[in-house]
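Notes for the structure review
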Amino acid sequence: MATTQSYYLTTPIYYVNDKPHIGHAYTSLACDALARFLRLDGDDVKFLTGTDEHGQKVEKAAKEAGISAQSFVDKMSQPFRALSPAIGFTNDDFIRTTEARHIAAAQQLWRELRARDQIYLGSYAGWYAVRDETYYAESELIDGAAPTGAPVEWVEEPSYFFRLSRWQDRLLSFYDENPDFIAPATRRNEVISFVRGGLTDLSVSRTSFRWGVPVPDDDAHIMYVWMDALTNYMTAVGYPHTDSSDFKKYWPARLHMVGKDILRFHAVFWPAFLMAAEIDPPKRVFAHGWWTNEGEKISKTVGNVIDPLVLIDTYGLDQLRYFLLREVPFGNDGDFSHQAMVNRMNGDLANDFGNLVQRVLAMIQRYCDGRVPLAGPLEDADEALLRSAQNLITPVRDAFLRQAYHEALDDIWRVVRSANVYIDQQAPWKLQKIDANRAATVLYILAEVIRHLALVIQPVTPTAAGKILDQLAVNLADRTFSRIGPVGALESGTLLPEPSGVFPRFTELSIPSGEGGG
Ligand code: ME8
């Protein structure tokens, strides 16, 4: 078991111009699974999510809705807050950038930068995309639009600038000295070549609208929404109170999880702001990929935006969590399709794992009076399977710490499959008739293997794992990774509750044909 340490991890804070979609759920889920894992592993975890409520995009959406910006963000942040209980996110805090604690933090960071001559007053003349809340150079435009396809507008206004150009060499040596700072590796290379290409000073204030954090000592300006937003990560651990116990314990953040579209803000601007203010930069930024829907780019105009709550209703919560973390190597883009979802749900979950649990628990009911069986002398096959389950935590931990969720699940399923091979080879239903003691030993081994599988799968499918552990009569206090191995072994004779299925099959008469396949 790893030693206790503090681990602070964050999702991006989400724009409240729209309601939550699969992209938001995905970023948060990736954090939630890791947060749950680390807590089970004995770490002191702080997991933050929240909403990004300033800027022109939100102001524009409020205008379109015909209400004040403040009432708009109060209303629109709610569905993001409500996403956590609906998808089982275990965030410890939910931050809104319109909160007083955050405004104070953002203004303090500004003052620190200004005091160090990292910010100067000038004027901006160039392109701005409200949808991306991003400045673009003329050379970046493609057919008169941002590289993301967002429309751009010409902006000319007085502006403060952050001396980003000064930080190019320091950033490059920082990436060099901290090879794990940006993941995955392909993204790291992209960021490095972007920085090598040369950095220009960054406009960090606006004067043409009012919905933002006021710039200290200059009422005409509000802070650029990205500088405001990035600071949320420090606000939530007590900044500007750098002597507070939370700040000391949790800063620098161990991980900022982001989508690939917002990596540059987190891996270039953010560490530069922090280094310039003489504050430690975060330890790692992981940029995950994007989901398409049945092969098509997800967009409001196409009308194929995926509501995570609808998916939960259709397939189940644990099923969705498992699918999203298993279907694509984390970091790559992925495609959501009904057929792929059903394949995972019925194949991996119902057939491989669910059946195993059900068969074993049903046999224990039938042959052992519903009590944990008594194991006799172990044979090689018993020892081998048991050991593979007991040792599973090592590769799984390694994968989680690299955010390689798909690898962790692959490792777990290797043991699920070995257990299925073992049950068929040992055939306890036959043994029962000729050697009841041997049947009891086999069932004990299988129950112990299932206990281990349920323990390590908890971060991904918490509800189903909880049900399995209930059915093995494992106390709530005995569900952490410290109970892995003989120390937490099931006690023979313990009465088990009546078993019931944990991973239902998806049944539908008309699955769209011709897609996905087996
Ligand atoms: O960017 N697949 O907010 P946001 C996967 N406020 N992920 C997706 C996705 C898709 N199809 N679509 C969006 C912001 N995302 C800023 C962050 S942090 C200081 C400020 C992801 O509401 C996207 O990559 O636009 C990002 O991580 C999040 O969902 C949406 O963020």
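Every chain is numbered on its own, with residues counted from 1 as its sequence reads. Under the rules for a predicted model, residues below a pLDDT of 70 receive no local features and side-chain atom pairs below 80 are neither given nor counted, while totals for whole chains, interfaces and linings still include all residues. The basis for the side-chain values is all heavy atoms of the structure; hydrogens and waters are excluded.

**A look at the overall build of the protein**
Only DSSP runs of H or I covering at least 4 residues are called helices, and only runs of E covering at least 2 are called strands; the numbering of each starts at the N terminus. Within the protein, the regular secondary structure consists of 20 helices and 15 strands. A compact globule built from 518 residues should have a C-alpha radius of gyration of about 24 Å, and the protein, at 26 Å, falls within 12% of that. Its C-alpha atoms put the protein at 90 × 55 × 40 Å along the principal axes. Relative accessibility decides the category of a residue: with a 1.4 Å probe and only protein chains considered, values under 20% of the type maximum give buried, values over 50% give exposed, and everything between is partly exposed. Taking all 518 residues of the protein together, 58% fall into the buried category. The contact criterion used is simple: two residues touch if any of their non-hydrogen atoms lie within 4.5 Å. Residue pairs in contact within the protein that sit at least 24 positions apart in sequence constitute 77% of those at least 6 positions apart. Carbon and sulfur atoms provide 50% of the accessible area of the protein, an area that totals close to 21400 Å². Here the globule rule is a power law, 2.2 Å times the number of residues to the power 0.38, and the radius of gyration is based on C-alpha atoms. Per-residue and other accessible areas follow the Shrake-Rupley method at a 1.4 Å probe size, with only the shown protein chains counted as cover for residues.

**With respect to the confidence of the model for the protein**
Confidence scores per residue from the predictor, reported as pLDDT, run from 0 to 100. Summary statistics for the protein give a mean pLDDT of 95 and a share of 97% for residues scoring 70 or more. Across residues 514–518, confidence stays below pLDDT 50; counting only partners more than four residues off in sequence or on other chains, it has six contacts.

**Quick look at the sheet that holds strand 2 (residues 44–52)**
Two strands qualify as a pair provided that DSSP identifies no fewer than 2 bridges between them. Taking strand neighbours across the sheet as the criterion, the six strands line up as 3-2-1-11-12-7 in an open arrangement whose pairing is parallel. A strand with exactly one partner marks an edge of an open sheet, and here the two such strands are strand 3 (93–96) and strand 7 (182–183). In this structure, strand 11 (residues 255–259) lies alongside strand 12 (residues 285–288), joined through four bridges in parallel fashion. Looking at the pairing, Val 258 lines up with Ala 287 of strand 12. Sheet contacts for helix 11 (residues 263–276): strand 7, strand 11 and strand 12; angle to strand 11, the most-contacted strand, approximately 140°. Axes, fitted as lines to C-alpha atoms, cover a helix only where it is in contact. Angles between the N-to-C directions of the axes lie from 0 to 180 degrees.

**Points about the nonpolar core**
Among the nonpolar cores identified, the biggest contains 98 residues, and Phe 353 and Leu 446 are the most heavily contacted of them. Counting residues per element, this core draws most heavily on helix 19 (residues 436–457), which supplies 14 residues. Residues grouped as a nonpolar core are buried Ala, Val, Leu, Ile, Met, Phe, Trp, Tyr and Cys residues, joined through side-chain atoms within 4.5 Å. Counting residues in each nonpolar core, the second largest holds 68 residues, with Ile 192, Met 227, Phe 269 and Val 285 among its members.

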